[in-house]
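Now for the letters of each chain:
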Amino acid sequence: MATAAAEPDPLRETGRYERVQSLGKGAFGFVQLGRKLHNNELAAIKFLKRSDVNKYVESEILNHSMLRHPHVIQFKEVFLTSDYICIAMEYATGGSLFQYVQQQARLKEAVARWFFQQLVIGVDYCHKRGVANRDIKLENTLLQKVDGLPLPLLKICDFGYSKADMRSAAKSKVGTLTYMAPEVLVNRDGKYDGKVADIWSCGVMLYVMFYGRYPFEVPAGAAMPKATEILSMLDNMVRQRYELPTKVEISDLGKDLLKKMLLPDPKERITLEEVMKHPWFTTNLPPEVGRTGVGIRV
Ligand SMILES: Nc1ncnc2c1ncn2[C@@H]1O[C@H](COP(=O)(O)OP(=O)(O)OP(=O)(O)O)[C@@H](O)[C@H]1O
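Residues numbered from 1 in each chain as written. Predicted model: local features only at pLDDT ≥ 70, side-chain atom pairs only at ≥ 80, totals over all residues. Heavy atoms only, no water.

In the annotation of an unreviewed UniProt entry, the protein is listed under the name Protein kinase domain-containing protein and assigned to Volvox carteri f. nagariensis.

## Section: unusual backbone geometry
Even without a glycine there, the phi angle at Asn-40 is positive, about 65 degrees. Considering the arrangement of structural elements, one finds Asn-40 in the loop between strand S2 (29-36) and strand S3 (42-49). Residue class for Asn-40 comes out exposed when judged on its relative accessible area of 52%. In this model, Arg-134 sits at a positive phi of 65 degrees, which is unusual for a non-glycine residue. (Helix = DSSP H or I, 4+ residues; strand = E, 2+ residues; numbered from the N terminus. Buried < 20%, exposed > 50% of the residue type's maximum accessible area, 1.4 Å probe, protein only.)

## Some words on the packing of helix H3 (residues 109-128) against helix H5 (residues 194-211)
Interhelical geometry of H3 versus H5 gives an angle of 165 degrees and a closest axis separation of 10 Å. With respect to their mutual orientation, H3 and H5 come out roughly antiparallel. Crossing of H3 against H5: the hand is right-handed. When H3 is examined against H5, the residues Glu-109, Ala-112, Phe-115, Phe-116, Leu-119, Val-123 and His-127 are found in contact with a partner set consisting of Lys-195, Asp-198, Cys-202, Met-205, Leu-206, Met-209 and Phe-210. For the contact of H3 with H5, the per-class residue count stands at 10 nonpolar, one polar and three charged. (Axes fitted to C-alpha atoms, helices over the stretch in contact; angles between N-to-C directions. Parallel < 35°, antiparallel > 145°, perpendicular 65-115°, else oblique. Left-handed = near helix turned anticlockwise from the far one by under 90°. Contact = heavy atoms within 4.5 Å. Nonpolar A, V, L, I, M, F, W, Y, C, P; charged D, E, K, R; others polar.)

## Section: the domain arrangement of the protein
When the domains of the protein are assigned, the result is domain 1 (11-89) and domain 2 (97-282). Taken together, the contact pairs 16 residues of domain 1 with 21 residues of domain 2. Per-residue buried area on domain 1 facing domain 2 is highest for Tyr-56, His-71 and Ile-73; these three make up 36% of the total on that side. Remark: the boundary between domain 1 and domain 2 carries one salt bridge. Linking Lys-46 and Asp-158 is a salt bridge whose minimum nitrogen-to-oxygen distance equals 3.5 Å. Applying the counting rule to domain 1 against domain 2 returns eight residue pairs in polar contact (both at pLDDT 80 or more). Considering each element in turn, the side of domain 1 that touches domain 2 owes the most residues, six residues, to helix H1 (residues 55-65). Of the residues belonging to the side of domain 1 that touches domain 2, the class tally is seven nonpolar, five polar and four charged. (Domains from an automatic or database assignment. Buried area = accessible area lost by both parts, 1.4 Å probe. Salt bridge = Lys/Arg side-chain N within 4 Å of Asp/Glu carboxyl O. Polar contact = N/O pair within 3.5 Å; in protein donor to acceptor, adjacent residues only side chain to side chain.)

Here is the structure:
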């Protein structure tokens, strides 16, 4: 994580916000915790260089601003400073689900279900609003601590690779390799359905929560994987060659859902509607989930 001292302080020139601390750095910019001067409200503010603005920044703003849901980080406002486009959003106090899983090595099945139910309900909401996220991963799901709840709530963030156009299929090969659906990697006719690819990525997230590792990987080490390594990973995906380590006890229903989400043919892959009717998913799912996000039992 970058230190606040090393980062510029663009909020100073706004006269509306002050910087509280640095929250971290991504590939495209940095994020700071800011406080709104007139009401002390906190916000996570993402700074993107104005000179680097591209179609992804535009989609991030347009798509994220359309969404309002308990399991999506709330978009607040966008404003400009002399050098940056600044996106103010709800501040998630509990870090990312990636950090959470890393701390625990892997999650108990009931805890994985708690997060997975919220993830799927949030992703389904985005899809119903016409937005495919295309970069669903543990790092892009943040946690919000809420008094009285045994576990934090999950919030989907980062719509930098999202796609909203319902009329045309997605073409760009975007996302993160270990979470990328095979049809995105192959992209033979140059098109895929971003929403169906999101379901694969949710399946990868479920796998990582269960087993604390990725189902499909290229060897670690090199910054850029070799084409042969990517092809071999793709081969494993297409042949459904991944381990379900027996030393980790996961119910048959949990494994059944996982397998249906990791079906390589997007036409055969389970739909979100079917996921939400799956008996593993509906276990311990109170009616409040998705509406307020509060009241989930583990
Ligand atoms: N709304 C938020 N509340 C709290 N922390 C946030 C929020 N949004 C982002 N962060 C944190 O800020 C850091 C940078 O986030 P950002 O989205 O720019 O990059 P990233 O997701 O780490 O990487 P990349 O964008 O390259 O995939 C991350 O550690 C992230 O957890």
